[in-house]
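# Fold and contact review
Listed here are the chains, written in short residue letters.
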Amino acid sequence: MHRSLLLLSVLTLSAAPLIATAQPAKPALYTADQATAGAAVYNQACAACHGSQLEGVAAPALKGSAFGEMATAQSLTADALLDVIANTMPQSDPGSMKPEEYAAVTAYILQQNGYPAGGTALAKGAAGLKDAKITP
């Protein structure tokens, strides 16, 4: 009897931190096709600086703990991420890509950070982008 109670207490205590740190589900902000298109654009226009696995080379990582820390420190939203990409990338020729290419790259980055695909394509001004904090 005491072993069962002790085991129950240990299990309850060990599960408590998991419950307390549970994060809300990430919103679906892009389509799967959009992220696939974004991967192709990323490989062509972004990978040389940001790395083929978004790990960061000559430019910052776009996934992983370093990206997560930066996103958290800046309270980065999906809308702000799209703005930064569209207005400053590629560094050698900012603003040179089409709006749908910037949106596709942003979708790919979100996908690589664990955001699920949905039924609506990511686009500037789309519902939910301003409220979607980046949480890799």
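Here, every reference points to the structure presented above.
First, a word on scope: everything that follows refers to the structure included in this document. In this text, all values refer to a predicted model and were calculated from it rather than measured experimentally.

### Quick notes on the overall build of the protein
On a plain count of helices and strands, the protein comes out with 6 helices and 0 strands. Taken from the N to the C terminus, the helices and strands of the protein come in the order α-α-α-α-α-α. Taken over 136 residues, the protein has a buried fraction of 32%.

### Description of unusual backbone geometry
The step from methionine 89 to proline 90 runs through a cis peptide bond, and the omega angle for that step is -10°. Within the secondary structure, proline 90 is located in the loop between helix 5 (78–88) and helix 6 (99–112). The phi dihedral of leucine 54 falls on the positive side, at around 65°, and the residue is not glycine. Position of leucine 54 among the secondary structure elements: in the loop between helix 3 (47–50) and helix 4 (65–73). A relative accessible area of 0% places leucine 54 in the buried class. Positive phi, normally seen in glycine, also occurs at serine 75, with a value near 50°. Relative to the helices and strands, serine 75 is located in the loop between helix 4 and helix 5.

### A short note on the packing of helix 5 against helix 6
The relative placement of two packed helices is expressed as an angle between their axes plus a distance between the axes. The contact between helix 5 and helix 6 brings their axes to 9 Å, and the two run at 130°. In terms of axis orientation, helix 5 runs oblique to helix 6. In the crossing of helix 5 with helix 6, the sense of the turn from one axis to the other is right-handed. Residues Ala78, Leu81, Leu82, Ile85 and Ala86 of helix 5 touch helix 6, and the partners they reach there are Tyr102, Ala103, Thr106, Ile109 and Leu110. Of the residues assigned to the contact of helix 5 with helix 6, the class counts are 9 nonpolar, 1 polar and no charged.

### With respect to the packing of aromatic side chains
Per the counting criterion, the structure on display carries 1 aromatic pair. On the numbers, 5.4 Å between centres and 45° between planes, the contact of tyrosine 42 with tyrosine 108 is tilted. A residue pair is termed long-range when its members are at least 10 positions apart, and tyrosine 42 in helix 2 (residues 32–45) and tyrosine 108 in helix 6 qualify at 66 residues. When sorted by exposure, tyrosine 42 lands in the same class as tyrosine 108, which is buried.

Thresholds, definitions, all that
Starting afresh in each chain, residues are numbered from 1 along the sequence in its written order. Only residues with pLDDT of at least 70 are given local features in this predicted model, and only at 80 or more are side-chain atom pairs given and counted; all residues enter the totals for whole chains, interfaces and linings. With hydrogens and water set aside, each side-chain value is computed from the structure's full complement of heavy atoms. Only DSSP runs of H or I covering at least 4 residues are called helices, and only runs of E covering at least 2 are called strands; the numbering of each starts at the N terminus. Under the scheme applied here, a residue whose accessible area is under 20% of the maximum for its type counts as buried, over 50% as exposed, and between as partly exposed, the area being computed with a 1.4 Å probe on protein chains only. For helices, the axis comes from a line fit to the C-alpha atoms of the stretch in contact; other axes are also lines fit to C-alpha atoms, and the angle between any two N-to-C directions lies between 0 and 180 degrees. Angle categories are assigned with fixed cut-offs, so that under 35 degrees is roughly parallel, over 145 is roughly antiparallel, 65 to 115 is roughly perpendicular, and the rest are oblique. Here is the rule for handedness: rotate from the far helix to the near one, and if that takes an anticlockwise turn smaller than a right angle the crossing is left-handed, while a clockwise turn gives right-handed. Note on contacts: a residue pair qualifies if any of its non-hydrogen atoms lie within 4.5 Å across the two residues. In this count, Pro and Cys sit with the nonpolar residues alongside Ala, Val, Leu, Ile, Met, Phe, Trp and Tyr, while Asp, Glu, Lys and Arg are called charged and the others, Gly among them, polar. Planes of paired rings set the category: under 30 degrees apart is stacked, over 60 is edge-to-face and the rest tilted, where pairs are Phe, Tyr or Trp rings (Trp by its six-membered ring) whose centres lie within 6.5 Å.

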